[in-house]
Amino acid sequence: MTVRRLVPAVLAGVLILVQIAYPLTSGDGRDRVTVVVVLLSAGTALAHATATRGIRYAAGFLVIVSGLGLAAEIIGTATGLPFGCYEYAMDRLGPALGGVPLVVPLAWTGGLYPIWVVAGLLARGAVARVGLLAVGAVGWDLFLDPQMVADGQWTWCDQSSGLPGIAEIPYTNYLGWFAVALLMAGLLTVWERAAPVPAGTPDPSAGLDTVSRLAVPVAVFLWTWLGSVLAHAVFLGLPFSAGYGGIALAALGLPLLRHLGFFCPRPDPAD
């Protein structure tokens, strides 16, 4: 394994360790852990994108996802569209722009990159991949929003129009996530075709080599899905988000496990 391929693997390992520390912290310490988790998740995503597709592709991914994420958040906090009326707690997650902490758009990149990669493994066409990213984005937010709201990082004006058990987060939030993720996925589809593949990059249709090259984001996705179910249900006291997020991300997670060979049919003894 080259150094360039090793860096995202190391970052992913550190990311998992820091996320494990999250339930063990509180107050200012938890705020610092939150920021480090975001920086590590974005760093892992961009390091892997650079190692497999080149720095130009990684930069484009960052501009599309974090750029649109920041724009959506600034518009959202100012107007209530597309997510609903909400506001961030200030002076907890570092510098802010337009009322939005600057780590927030980086969280979009770190969170959506593994979903985008997994969607690419599973989908048979661009339209399917776009749809899978949008579904996966909502699934991830079903973990993210309840966790951050419980920690006081942001609050909603309407705190009684959400899903049972997490009514403090309105339905409009998930509709907004779905819409913004669709837009991001559409632009990423164009960027995938426009960004040149560096010389020496293996053919992305090369079977097992593809799985090997994408091991880091696949592992991060599985950890986000299954680890979040465990953390929310056992350590964070958020059983409803554990259930909702677990079920929603299973739309990608179960096909992924089957793709990886976890659900191979048993041989017939008569054969």
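Residues numbered from 1 in each chain as written. Predicted model: local features only at pLDDT ≥ 70, side-chain atom pairs only at ≥ 80, totals over all residues. Heavy atoms only, no water.

### Details of the packing of aromatic side chains
Short version of the rule: Here a pair means two rings of Phe, Tyr or Trp (six-membered ring of Trp) with centres within 6.5 Å. Their orientation is stacked below 30 degrees between planes, edge-to-face above 60, and tilted elsewhere. Under the scheme used here, helices are H or I runs from DSSP no shorter than 4 residues and strands are E runs no shorter than 2 residues, and both carry numbers assigned from the N terminus. Buried, partly exposed and exposed residues are distinguished by accessible area as a fraction of the type maximum, computed with a 1.4 Å probe on protein chains only: under 20%, between the cut-offs, and over 50%, respectively. Definition used: whenever NZ (Lys) or CZ (Arg) falls within 6 Å of the ring centre and also within 35 degrees of the ring normal, the charge is taken to sit over that ring.
Under the counting rule described, the total for this entry stands at 9 aromatic pairs. The interplanar angle of 45 degrees and the centroid separation of 6.4 Å between the aromatic rings of Phe83 and Trp108 together place this pair among those described as tilted. Remark: Trp108 occurs in helix α4 (residues 103-122) and Phe83 occurs in the loop between α3 (55-79) and β1 (86-88); sequence separation between them is 25 residues. Among the residues examined, Phe83 registers a relative accessible area of 2% and is labelled buried. Connected via pairs of aromatic rings, a cluster forms that spans Phe83, Tyr86, Tyr88, Trp108, Trp140, Trp154, Trp156 and Trp177. Its end group placed over the ring of Trp116, Arg129 keeps NZ or CZ at 3.7 Å from the ring centre.

### With respect to the state of the cysteines
The line we're drawing: By convention in this document, the label disulfide applies to cysteine sulfur atom pairs within 2.5 Å.
Tallied over the full model, the rule gives 1 disulfide. Across the disulfide from Cys85 sits Cys157; the S-S distance is 1.9 Å. Of the two residues, Cys85 is situated in the loop between α3 and β1 and Cys157 in the loop between β4 (154-156) and β5 (162-163); the sequence distance between them amounts to 72 residues. Taking relative accessible area as the criterion, Cys85 reaches 43% and is therefore assigned partly exposed.

### Quick word on helix α9 (residues 239-259)
Under the convention used in this document: A helix is expected to reach a length of 1.5 Å times the quantity of its residues less one. Note that bend, as reported per residue, equals the angle between axes fitted to the 7 residues terminating at that residue and the 7 residues originating from it. Residue contacts are counted whenever heavy atoms from the two residues lie within 4.5 Å of one another.
Between its first and last C-alpha atoms α9 spans 28 Å; for 21 residues at 1.5 Å apiece the expected length is 30 Å, and the two agree. The sharpest bend along α9 reaches about 55 degrees and sits at Ala250. Check the buried side of α9 and you find it contacts α4, α5 (126-150) and α8 (215-235).

### Points about a nonpolar patch on the surface
Let me state the cut-off plainly: Residues enter patches when their relative accessible area tops 30% and they take part in no salt bridge; the joining distance is 9 Å for like charges and 5 Å for the nonpolar side chains Val, Leu, Ile, Met, Phe, Trp and Tyr. Areas reported as accessible are Shrake-Rupley estimates using a 1.4 Å probe. Residue values count occlusion only from the protein chains shown. Whenever a carboxyl oxygen of Asp or Glu lies within 4 Å of a side-chain nitrogen of Lys or Arg, that contact is scored as a salt bridge.
There is a patch of nonpolar side chains on the surface, built from Leu6, Val10 and Val14 and spanning about 220 Å² of accessible area. Looking at the element boundaries, Val14 is found in helix α1 (residues 3-21).

### Quick look at the nonpolar core
Condition: Buried Ala, Val, Leu, Ile, Met, Phe, Trp, Tyr and Cys residues form a nonpolar core when they are joined through side-chain atoms within 4.5 Å.
Val65, Phe83, Trp108, Leu112 and Phe221 are the most contacted members of the largest nonpolar core, which has 72 residues in total. Of all the elements, α5 adds the most residues to this core, at 11 residues. Those residues in contact with Leu112 that sit more than four places away from it in its chain are Phe61, Val65, Leu133, Ala137, Trp140 and Met184.

### Observations concerning the side chain of Arg213
Our working rule: Pairs of N or O atoms within 3.5 Å make up the polar contacts considered here, provided that, within protein, one atom can donate a hydrogen while the other can accept it, and that residues adjacent in sequence are counted only when both atoms are side-chain atoms.
In this fold, Arg213 is placed in helix α7 (residues 208-213). A distance of 3.3 Å separates a polar side-chain atom of Arg213 from the backbone oxygen of Thr52.

### Considering the pattern of salt bridges
With the rule as written, the count across this model stands at 5 salt bridges. A salt bridge links Asp151 to Arg92; the nearest nitrogen and oxygen atoms lie 3.6 Å apart. With a gap of 59 residues between them, Asp151 in the loop between α5 and β4 and Arg92 in the loop between β1 and β2 (96-97) connect regions that are remote in the sequence. By relative accessible area, which is 16% here, Asp151 ends up buried. With a shortest N-O distance of 3.7 Å, Glu192 and Arg129 are connected by a salt bridge.

### Details of the environment of Val180
Among the structural elements, Val180 can be located in helix α6 (residues 171-194). For Val180 and Val104, which are 76 residues apart along the polypeptide, the C-alpha to C-alpha distance reads 14 Å. Residues contacting Val180, with those up to four places away along its chain left out, are Ala72, Pro82, Phe83 and Trp108.

### Overview of the pairing of strand β6 (residues 166-170)
Which entries qualify depends on this criterion: We call two strands paired when DSSP finds no fewer than two bridges between them.
For β5 and β6, the ladder comprises 2 bridges, and the chain directions are antiparallel. From the neighbouring strand, Leu163 faces β6, where its bridge partner is Ile166. Here β5 folds back onto β6, and the loop between the two strands holds 2 residues, one of which, Gly165, carries a positive phi near 95 degrees.

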